[in-house]
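Architecture at a glance
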Amino acid sequence: MLSAGVTPQQNIPDHIDPRTHLSGNWGGIRNWLLAQGIDIRISDTNEFWSNPVGGAQASSNYIGSAAVEMVTDLHTLTGLPLGTFDISAMEIRGRPFSNTPLYVFNQTSNIEADDNGRLYELWYSQKFMGERLAFRIGKLDLGHDFMVSSVGLNFLNASFSWPIMPDNDLYDQGPVSPVATPAIRLRYTLSPHWNFLFAAADDNPVGGPFINAKDLWNQNRDPGGTRFSFRTGALFFGEVQYRRTLYGRQGTYKLGGYFDTGRFPDQSDLRKNHKTNWAVYAIADQTLQHFGRITELDAFIRGNWTADTDRNQIVYAADAGLSLKGPFGRAGDMAGFGAGLGAARAC
């Protein structure tokens, strides 16, 4: 069932344009590596956040993250009908502040984490059936594939990428950056309009307790990101994606859910535990209007819900927003407005 002549991943370029990369072409070395099927990517993100009022305590914080990733197209490298191998690592600076001193449910930054240099993702990917079926296995960040709004990713607040509900209701804020988890992910493309995704993963990436009063982020139990724990339970994700263009305006609609076989503490009595957890969600990304060749108005809305109110801090949540691309006639500019809420269980 191996497809003859596996094509390289689309996100591996044919050459590096030195004008668009801060470190240039490394004297031609980067283009030589690309010709062998090896793409090395280095990025650095720096953020400064200030919360003058609200939360438990006013706070100003710096957060930084450096990431190195190597994507290898094994078909190009070896000539064999193989897929893609990826390995990445992160170095995180600054201190997390959403838990303390702010004590907020809604995570502020998606690079906010304990000071550590850690292995991030490590996986192998292969395509079958004429590239209609793709599987990926290894240590994965499932936030790349599930519960994602492409329009919502334009906003900095972390809950616009990984929703507030799994961030508070799953172990270790869920299998999402900077904590990846052992998993297998399948994607089946039925047609240009329909995609089906499924993943099975360990539900507790660092293997710690659900509540750790001495380490609220629970990441120092696995500071290097090399722990592979299978002690708590299994986490399953499923999602259906539908794409459609109406009157020249592209829309993507997603319906999915997750199911966890692990144990979760009762929100009223932490001495009690409940077996299993689940939630469902729906997402819509829609282009509303084109204004010329560059400017475009997009919108998104996303909702999450669970009936297991006894074991979850957040029982339903919603977020939505508008994004205007190229408001000044330049493709790289963007202006937007987004808002979200999460509802805690009734006490």
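Described below are features of the structure shown in this document. Computed from a prediction, not measured in an experiment: that's the story for all the values here.

This part takes up a nonpolar patch on the surface. Together, I137, I184, L186, F198, F236 and F259 make up an exposed nonpolar region whose accessible area comes to about 460 Å². Here I137 is to be found in strand 5 (residues 133-140). Judged by its relative accessible area of 40%, I137 falls in the partly exposed class.

Let's shift gears to the environment of S159. Here S159 is to be found in the loop between strand 5 and helix 3 (164-169). As for S159 and Q107, which are separated by 52 residues in sequence, their C-alpha atoms are 6.0 Å apart. Setting aside residues up to four positions removed in sequence, S159 forms contacts with N106, Q107, I164, R302 and D319. Within the structure, the side chain of S159 is placed 2.7 Å from the side chain of N106, a separation counted as a polar contact.

Moving on, we come to the packing of aromatic side chains. Counted according to the given criterion, the structure contains 15 aromatic pairs. Seen from their ring centres, F146 and F237 are 5.1 Å apart, and the 35 degrees between their planes marks the pair as tilted. Pair noted here: F146 is in the loop between strand 5 and helix 3 and F237 is in strand 8 (residues 234-246), with a separation of 91 residues, a long-range link. You'll find F146 and F237 in the same group, each marked buried. Between the aromatic rings of F160 and F300, the centroid separation amounts to 6.1 Å while the plane-to-plane angle is 85 degrees, which identifies the pairing as edge-to-face. Within this pair, whereas F160 is found in the loop between strand 5 and helix 3, its partner F300 is found in strand 11 (residues 295-305), the two being separated by 140 residues in sequence. The two residues F160 and F300 agree in class, both being buried.

Turning to the layout of surface pockets, a few remarks are in order. Space inside the second largest pocket adds up to approximately 600 Å³. Here the lining of the second largest pocket is built from residues that sort into 10 nonpolar, 9 polar and 3 charged.

Here we take up the environment of G37. Relative to the helices and strands, G37 resides in the loop between helix 1 (29-35) and strand 1 (38-51). Along the chain, G37 and P13 lie 24 residues apart, while their C-alpha atoms are 9.6 Å from each other. Setting aside anything within four residues of it in sequence, one finds G37 in contact with V71, T72, D73 and T76.

Below, the discussion takes up the pattern of salt bridges. Enumeration according to the criterion identifies 14 salt bridges in this entry. Between E91 and R93 there is a salt bridge; the shortest N-O distance is 2.8 Å. With relative accessibility at 33%, the residue E91 sits in the partly exposed group. We classify R93 as partly exposed; its relative accessible area is 22%. The closest approach of N and O atoms between R302 and D319, which form a salt bridge, is 2.7 Å. Here the residue R302 occupies a position in strand 11, and D319 occupies one in strand 12 (residues 314-325), the gap between them amounting to 17 residues. Taken individually, R302 and D319 each receive the classification buried, so the pair is uniform in this respect. A single network of salt bridges, built from pairs that share partners, joins D39, R41 and E69.

Conventions and cut-offs
Residues numbered from 1 in each chain as written. Predicted model: local features only at pLDDT ≥ 70, side-chain atom pairs only at ≥ 80, totals over all residues. Heavy atoms only, no water. Patch = residues over 30% accessible without salt bridge, like charges linked within 9 Å, V, L, I, M, F, W, Y side chains within 5 Å. Areas by Shrake-Rupley, 256 points an atom, 1.4 Å probe, with all protein chains shown as cover. Salt bridge = Lys/Arg side-chain N within 4 Å of Asp/Glu carboxyl O. Helix = DSSP H or I, 4+ residues; strand = E, 2+ residues; numbered from the N terminus. Buried < 20%, exposed > 50% of the residue type's maximum accessible area, 1.4 Å probe, protein only. Contact = heavy atoms within 4.5 Å. Polar contact = N/O pair within 3.5 Å; in protein donor to acceptor, adjacent residues only side chain to side chain. Phe/Tyr/Trp six-rings, centres within 6.5 Å; stacked < 30°, edge-to-face > 60°. 1 Å grid on protein atoms, 1.4 Å probe; cavity = no way out; pocket = protein on both sides within 12 Å on 5 of 7 lines; lining within 4 Å. Points joined across faces, edges and corners; volume = space filled by probe spheres on them. Nonpolar A, V, L, I, M, F, W, Y, C, P; charged D, E, K, R; others polar.

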